[in-house]
Amino acid sequence: MTKYILVCGGVISGIGKGVIASSTGLLLKTTGLKVTSVKIDPYMNIDAGTMAPTEHGEVYVLNDGGEVDLDLGNYERYLDVTLSKNHNLTTGKVYQRVIEKERRGDYLGKTVQIVPHLTNEIQEWIENVAAQPVDETAEKPDVCIIELGGTVGDIESAPFVEAMSQFQERVGVENFAVALVTLIPVVGGEQKTKPTQSTVKALRNAGLFPDIIACRCEVELESDTKRKVASTCKVASNQVFGVHNVSSTYHVPLLLRDQGLVTYLQKRLSLDQIDLGPDGKKRGDSLLGRWTELTSGHDRRFDSVKIVLVGKYTSLQDSYMSVVKSLEHASMRCGRKLKLQWVESSHLEPNVQTEDPVKYHDAWKALCSAEGIMVPGGFGIRGTEGMIVAAKWAREHKVPYLGICLGLQIAVIEWARHVCGIKDAGSAELTPDTLNPAVIFMPEISKTHLGGTMRLGLRPTMFEPKTEDSKIRRLYGGKSAVWERHRHRYEVNPKMVPTFEKARDKDGEQLKFLGRDETGQRMQIIEMTGHPYFVGLQAHPEFCSRPLNPSPPFLGFIAAASGSECLEEQLARNEREFRPPHPESAMKLKAVDPAVVKATKAEAAVANGEIDA
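Rules behind the numbers
Residues numbered from 1 in each chain as written. Predicted model: local features only at pLDDT ≥ 70, side-chain atom pairs only at ≥ 80, totals over all residues. Heavy atoms only, no water. Helix = DSSP H or I, 4+ residues; strand = E, 2+ residues; numbered from the N terminus. Rg over C-alpha atoms; globule rule 2.2 N^0.38 Å. Buried < 20%, exposed > 50% of the residue type's maximum accessible area, 1.4 Å probe, protein only. Contact = heavy atoms within 4.5 Å. Lys, Arg positive; Asp, Glu negative; His and termini not counted. Charge placed at Lys NZ, Arg CZ, Asp CG, Glu CD. Expected span 1.5 Å × (residues − 1). Arc of directions from axis to C-beta. UniProt positions renumbered as here; feature names shortened; annotations may be inferred. Salt bridge = Lys/Arg side-chain N within 4 Å of Asp/Glu carboxyl O. Polar contact = N/O pair within 3.5 Å; in protein donor to acceptor, adjacent residues only side chain to side chain. Disulfide = S-S within 2.5 Å. Axes fitted to C-alpha atoms, helices over the stretch in contact; angles between N-to-C directions. Parallel < 35°, antiparallel > 145°, perpendicular 65-115°, else oblique. Left-handed = near helix turned anticlockwise from the far one by under 90°. Nonpolar A, V, L, I, M, F, W, Y, C, P; charged D, E, K, R; others polar. Domains from an automatic or database assignment. Buried area = accessible area lost by both parts, 1.4 Å probe. Pairing = 2+ DSSP bridges.

### Things to note about the overall build of the protein chain
- Of the regular secondary structure elements, the protein chain holds 21 helices and 23 strands.
- Here the C-alpha atoms of the protein chain give a radius of gyration of 25 Å, agreeing with the 25 Å that 2.2 N^0.38 yields for 613 residues.
- Burial status across the protein chain gives 59% buried among its 613 residues.
- By sequence separation, contacts in the protein chain at least 24 residues apart represent 74% of the contacts at least 6 residues apart.
- Across the protein chain, the mean location of the 74 positive side-chain charges is 2 Å away from that of the 78 negative side-chain charges.

The structure is reproduced here in structure tokens:
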């Protein structure tokens, strides 16, 4: 029987439910258990795909192309699992499914209501998804962590709370535990428990009784506060856990472990009675040892690496959560402390020099002092000229550069303008009327319907012949094909690639298109010769990075920013040790259909105006 742990929050949103849910799952994995996760988001959107990053943080992409909440990224990173789009349940999804059933007549003429039809659908969804294998064992998980977004008492989450109240009866109280994440504010120097008491009361009124109360606080939870929470909320002292601010979220699992979380859950859910199989305990011990080593070394690092992220959505840093996590993973591997500086790309543009000289000066000061320059993904024209000057600075001054998705396209446009001499080179996305589109619309997709219409999900990239000595291929272990997740609508113009590759800069160096898709028409990896590290990927490798298995492009970027010696060390290590984070079943190359190649070439021809659509 699968065990379920519901993680919900009170007082305010955004207090770390995702990190605590992920940390709980990780701790259970260290005991040898197989763990999966489900995220419930009470918004009406079908998925996160059409939401701006500044609205709800980054849109996280899964192997199957699902565009989901960023918390699923936490689950995949901490638990080293591969989730599907069904692991993210939204109000929109569940209503859509219920309405589809009603239209088909599945309810046999009954009046369709929130209870029982919607709540039953939620329960069945979770039960089905919880049984799906998500790790290298390909076996049914032992434990499912369910995170309920929002806060207790929100009108949006009421149907889900009711469904969970029914679900605990459906699976049995002995197989279902509730963890409440709450806030302990400090007022006048005193830790206050009244908000927690009110949240617990609201949760109980809804039919759920907390087994664990995780108290988020700025400083360590005082023993008197812990006793007061236990007393007023009618739980034992060993059910109250303090989760104070720490130097890194990677410390949170061990913080909870030291307070006895694993011991309590083993007793509460009889987890020690689950058969771990012949290798379960060994896997768990290995994970615990590696995670402990990772976190213990984090605070002992003295050397730092300064990275400047030039982006469009810097007003909400969660817009780039996976990028930041990938930089952290790579920094930890390289034994460096990450010093990340955010630069709003538009502040680098010439017009800002007169409109707001201070912002312009600060942006350029950060760029000029960077040891590495990162340009991540994004959509729309705003700020792209600032990105282009950042790429030019990195190229000309030999500063390590990593461009992701839009960042690759920016590097290509910069090369076209300043090396190839195509002064008006641009992108058909940013300037549709450009006469020299270095980036064009090559659809697998619709121009008019945005939701779920992009080139999405896990796709292969084939390295070109004679690229074995390139830095990026060495970082991928020298493999001939690599797999990364994609989320984009536009591609480098294949018609202009020969021009780009033929050109040389003032030092005689070239921009090489090392990786292409199976058809050979879509450019997916670039690398500049004679540069410490100048790499771009059309894919989003940040979605596949893990704390114990950093993304190769990010690892090379941080290593190069740390010095040539560090880069050579990581190149040699990855050539020996690189292991893709995806299950083998997801990385099977299929024979390329000649019709697909023909269609892809036709798409490029249409975009270049050579034939009519």
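### Thoughts on helix α14 (residues 357–368)
- Compared with an ideal rise of 1.5 Å per residue, which puts 12 residues at 16 Å, α14 spans 16 Å between its outermost C-alpha atoms and is within 8% of the ideal.
- Buried residues of α14: Y360, A363, W364, A366 and L367, and no others. Along α14, the residues classed as buried sweep out an arc of 160° about the axis, all on the same side. Among the exposed residues of α14, those oriented more than 90 degrees off its buried face are V358, H361 and K365.
- In this fold, the buried residues of α14 make contact with β12 (304–311), β13 (337–344), α13 (350–355), β14 (372–375) and α15 (384–396).

### Quick notes on the UniProt feature "domain: CTP synthase N-terminal" (unreviewed entry) in the protein chain
- Under the UniProt annotation, "domain: CTP synthase N-terminal" (unreviewed entry) lies at residues 3–271.
- Secondary structure content for residues 3–271 is 40% helix and 19% strand, and the end C-alpha separation is 8 Å.

### Quick word on the side chain of E527
- Examined against the element boundaries, E527 turns out to sit in strand β22 (residues 523–528).
- Nearest to the buried, unbridged E527 among oppositely charged side chains is K471, at 4.6 Å.
- Side-chain polar atoms of E527 contact the backbone nitrogen of K471, separated by 3.1 Å.
- Within the structure, the side chain of E527 is placed 3.0 Å from the backbone nitrogen of I472, a separation counted as a polar contact.
- Look past the residues within four positions of E527 in its chain and what remains in contact with it is S470, K471, I472, Q510, L511, K512, L514, F534 and V535.

### Quick notes on helix α16 (residues 406–418)
- Its 13 residues place the ends of α16 18 Å apart at the C-alpha level, agreeing with the 18 Å of an ideal helix rising 1.5 Å per residue.
- Judged by how many residues are buried, α16 sits mostly within the fold: 12 of 13 residues are covered.
- Every buried residue of α16 is listed here: L406, G407, L408, Q409, I410, A411, V412, I413, E414, W415, A416 and R417.

### Here's the deal with the environment of T225
- Relative to the helices and strands, T225 is located in helix α8 (residues 223–232).
- Once residues lying within four places of it in the same chain are set aside, the contact partners of T225 are I184, Q191 and T193.

### So, the environment of P141
- With respect to the helices and strands, the residue P141 is situated in the loop between α5 (114–130) and β6 (143–148).
- Expressed as a C-alpha distance, the spacing of P141 and A131, which sit 10 residues apart in the sequence, is 6.2 Å.
- Those residues in contact with P141, other than ones at most four positions away along the chain, are T2, K34, V35, T36, A130, A131, Q132 and P133.

### Topic: the state of the cysteines
- This model, assessed by the stated rule, comprises 0 disulfides.
- Here C8 is not disulfide-linked; the sulfur of C233 is the nearest cysteine sulfur, at 13 Å.
- For the unlinked cysteine C544, the closest cysteine sulfur is that of C405, found at 14 Å.
- Taking the relative accessible area as the measure of exposure, C544 reaches 5% and is therefore buried.

### Examining the pattern of salt bridges
- Counting across every chain of the model gives 37 salt bridges.
- K506 is the partner of D507 in a salt bridge, and the nearest nitrogen-oxygen pair spans 3.7 Å.
- For D507, a relative accessible area of 44% translates into the label partly exposed.
- Residue class for K506 comes out exposed when judged on its relative accessible area of 71%.

### So, the packing of helix α1 (residues 17–29) against helix α3 (residues 71–79)
- Packing of α1 against α3 brings their axes to within 9 Å, and their N-to-C directions diverge by 25°. In this view, α1 runs roughly parallel relative to α3, as classed from their interaxial angle. α1 and α3 meet at a crossing whose hand is right-handed. Counted together, G18, V19, A21, S22, S23, G25, L26 and K29 of α1 and D71, N74, Y75, Y78 and L79 of α3 form the full contact between these two elements.
- Of the residues assigned to the contact of α1 with α3, the class counts are 6 nonpolar, 5 polar and 2 charged.

### A few points about the domain arrangement of the protein chain
- The domain boundaries assigned to the protein chain delineate domain 1 (3–292) and domain 2 (303–596).
- With centres defined by C-alpha atoms, the gap from domain 1 to domain 2 works out at 34 Å.
- In this assembly, 25 residues from domain 1 lie in contact with 32 residues from domain 2.
- Together, N63, R77 and Y250 form the three largest contributors to the area buried by domain 1 at its contact with domain 2, with a combined 28%.
- Between the two partners, domain 1 and domain 2, sit 5 salt bridges.

### Quick word on the sheet that holds strand β1 (residues 3–9)
- Pairing is parallel in the open sheet, where 7 strands are placed in the order β5-β2-β6-β1-β7-β10-β11. With one partner strand each, in any of the chains shown, β5 (88–90) and β11 (240–244) form the two edges of the open sheet. For this sheet, the mean inter-axis angle between neighbouring strands, taken without regard to orientation, is 20°.
- With 5 bridges connecting them, strand β10 (residues 212–217) and β11 associate as parallel partners. The partner of I213 across the bridge, within β11, is V240.

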